[in-house]
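What the coordinates show
Chain by chain, the residues:
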Amino acid sequence: MTEMETQVDVRTLAERLAAVRARIEAACRRSGRSPEEVTLIGVTKTFPVEVVEAAFSEGLRDFGENKVQELVAKAGRMPGRHEGGAVRWHMIGHLQRNKAKEVVAHADLFHALDRLRLAEALERRAEAAGRVLPCLVQVNVSGEATKFGLEPDVVHPFLDEMARFEHLRIEGLMTLAAPADHPEDVRPQFRLLRRIMETYDAPAHPTVRLRALSMGMSGDFEVAVEEGATHVRVGSAIFGPRRAAAASRDHRG
Ligand SMILES: *Cc1c(COP(=O)(O)O)cnc(C)c1O
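Reference entry: report on the structure contained in this document. Computed from a predicted model, the values in this text were never measured in an experiment. (Residues numbered from 1 in each chain as written. Predicted model: local features only at pLDDT ≥ 70, side-chain atom pairs only at ≥ 80, totals over all residues. Heavy atoms only, no water.)

1. Section: helix α4 (residues 68-77)
This is how the line gets drawn: Relative accessibility under 20% of the residue-type maximum defines a buried residue, over 50% an exposed one, and the middle range a partly exposed one, all with a 1.4 Å probe and only protein chains included. Starting at the N terminus, helices and strands are each numbered in turn, a helix being any DSSP run of H or I of at least four residues and a strand any DSSP run of E of at least two. The arc in question is formed by the directions pointing from the helix axis toward the C-beta atoms. Contacts are residue-level and defined by heavy atoms, with any inter-residue pair within 4.5 Å sufficient.
Within the span of α4, buried status applies to Val68, Glu70, Leu71, Lys74 and Ala75. Buried residues of α4, seen end-on, are gathered within an arc of 155° and therefore sit on one face of the element. In this structure, the buried residues of α4 make contact with α3 (49-57), β2 (62-65), β3 (88-91) and α5 (100-106).

Following this line, the structure appears as structure tokens:
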């Protein structure tokens, strides 16, 4: 990285963060929701830990990473709640089973649970670590073949299966909408995710209690809030553009 890129422009960051917060509040007002229902996650992927520290000093407490090695590095410097720290770390990216241990070690909430074998690996690691890992199930609501996540029609049976994992707590659903020219275009996708949650007849089991909807990014978080998002994952609107090489790897684990 060049010197310029490693410098944190605190003023710009503060202004962008304030603007995003104001837009979330406005979306809440429009939809009759309380801003306390919405957790803003600052997605710091590709940015150095100094950026996390700068956002922390502006009051941000929730941070998201999509790669395990970045999560490990940044949580090492700024520990999450689960490790006795002051922030919450959200692992929002696709996860390989052989990295389950690191996520169990550092994540406060895992957003991308999308297959049984991964649940088994996380369960084993969480049991060994003596913790319960809060998780969201990732759903592919956009129909795009390239997206990770379960197809909508298999989400309910998958949730039923999750009930047997005593060290995972399934708290809700997560999705990435399709890239769109207009945020309005993805409203039906967010609505679908909410419907999948609302129509789930939860088994009488304490480990599956759906209440969280992680949806909405820089381009579409206001529509997501209007459709019931409890967690929005916002990167570039707060931290500025990511470098192209890093951005092209964004959706890999
Ligand atoms: C990068 C990323 C985001 C944030 O993207 P922006 O468009 O920069 O807000 C949100 N969710 C996931 C899963 C991501 O990988």
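Moving on from the model shown.
2. A look at unusual backbone geometry
One non-glycine residue, Thr46, adopts positive backbone phi at about 75°. Within the fold, Thr46 resides in the loop between β1 (39-43) and α3. Owing to a relative accessible area of 16%, Thr46 belongs among the buried residues under this scheme.

3. What to know about the pattern of salt bridges
Threshold: Put simply, a salt bridge is a Lys or Arg side-chain nitrogen that is within 4 Å of an Asp or Glu carboxyl oxygen.
Taken as a whole and assessed by the stated rule, the structure comprises 18 salt bridges. Residue Glu50 is joined to Arg77 by a salt bridge in which the shortest nitrogen-to-oxygen separation is 3.7 Å. Here Glu50 is found in helix α3, whereas its partner Arg77 is found in helix α4, with 27 residues between them in sequence. Judged by its relative accessible area of 34%, Glu50 falls in the partly exposed class. Judged by its relative accessible area of 49%, Arg77 falls in the partly exposed class. Here Asp114 and Arg115 are joined by a salt bridge, their closest N and O atoms 2.7 Å apart. Look at the salt bridges and you will find they share partners, linking Arg30, Glu184, Arg187, Arg191, Arg194, Glu198, Glu226 and Glu227 into a network.

4. Examining the site of the ligand
Basically, it comes down to this: We define proximity as follows: a residue is near a molecule or strand when any one of its heavy atoms falls within 4 Å of that partner. Any pair of N or O atoms that falls within 3.5 Å is considered a polar contact. Within protein, one atom must be able to donate a hydrogen and the other to accept it, and sequence-neighbouring residues count only if both atoms are side-chain atoms. Here, Shrake-Rupley sampling with a 1.4 Å probe gives the accessible areas, and only protein chains in the shown set may cover a residue. Following the grouping adopted for this structure description, the nonpolar residues are Ala, Val, Leu, Ile, Met, Phe, Trp, Tyr, Cys and Pro, the charged ones are Asp, Glu, Lys and Arg, and the polar ones are all others, Gly among them.
Inspection of the region around the ligand gives 13 residues, with Lys45, Ser218, Gly235, Ser236 and Arg242 positioned closest. Gly235 places a polar main-chain atom, nitrogen or oxygen, 2.8 Å from an oxygen atom of the ligand. A distance of 2.8 Å separates an oxygen atom of the ligand from a polar side-chain atom of Arg242. Within the complex, the protein chains bury 94% of what would otherwise be the 390 Å² of accessible surface of the ligand. Among the residues forming the shell around the ligand, the class breakdown is 4 nonpolar, 5 polar and 4 charged.

5. What about the packing of helix α2 (residues 10-30) against α3?
As a reminder of what qualifies: All axes are obtained by fitting lines to C-alpha atoms, using only the stretch in contact for helices, and the reported angles, taken between N-to-C directions, cover 0 to 180 degrees. The cut-offs work like this: below 35 degrees is roughly parallel, past 145 is roughly antiparallel, 65 to 115 is roughly perpendicular, and the gaps in between are oblique. Here a crossing is taken to be left-handed if its near helix is turned anticlockwise relative to the far helix by less than a right angle, and right-handed if that turn runs clockwise.
For the pair α2 and α3, the least separation of the axes is 10 Å and the interaxial angle reads 55°. One way to sum up the angle between α2 and α3 is to call them oblique. Crossing of α2 against α3: the hand is right-handed. Counting all contacts with α2, which are made through Val10, Leu13 and Leu17, the residues of α3 involved are Val51, Ala54 and Ala55. Of the residues assigned to the contact of α2 with α3, the class counts are 6 nonpolar, no polar and no charged.

6. Things to note about the side chain of Thr207
Checked against the element boundaries, Thr207 lands in the loop between α8 (187-198) and β7 (208-214). Judged by its relative accessible area of 9%, Thr207 falls in the buried class. Polar contacts involving the side chain of Thr207 include one to the main-chain carbonyl oxygen of Ala163, which spans 3.3 Å. Excluding residues within four positions of it along the chain, Thr207 makes contact with Met162, Ala163, Phe165, Glu166, Leu168, Arg169 and Ile170.

7. Regarding the pairing of β7
Within a regular strand, the side chains alternate between the two sheet faces. Defined as follows: One requirement defines pairing of two strands: DSSP has to find at least two bridges between them.
Within β7, 5 of the 7 residues are buried, leaving the element largely enclosed by the surrounding structure. In the sheet, strand β6 (residues 168-174) pairs with β7 via 4 bridges, with the strands oriented parallel. Its bridge partner lying in β7, Leu173 is registered against Leu213.

8. A few points about the packing of aromatic side chains
Spelled out, the test is: To pair, rings of Phe, Tyr and Trp, with the six-membered ring standing in for Trp, must have centres within 6.5 Å; the planes then decide the type, stacked if under 30 degrees apart, edge-to-face if over 60, and tilted in the middle.
As enumerated under the stated definition, the model contains 2 aromatic pairs in all. Arranged with centres 5.9 Å apart and planes meeting at 45°, the rings of Phe47 and Phe239 form a pair that is tilted. Of the two residues, Phe47 sits in the loop between β1 and α3 while Phe239 sits in helix α10 (residues 236-239), which places them 192 residues apart along the sequence. Overall, Phe47 belongs to the buried group, its relative accessible area being 14%. Between Phe63 and Trp89, the aromatic rings sit 5.8 Å apart at their centres with planes inclined by 45°, giving tilted as the arrangement. Taken as a pair, Phe63 in strand β2 and Trp89 in strand β3 lie far apart in primary sequence, 26 residues in all.

Function-wise, these values are silent; they only describe arrangement.
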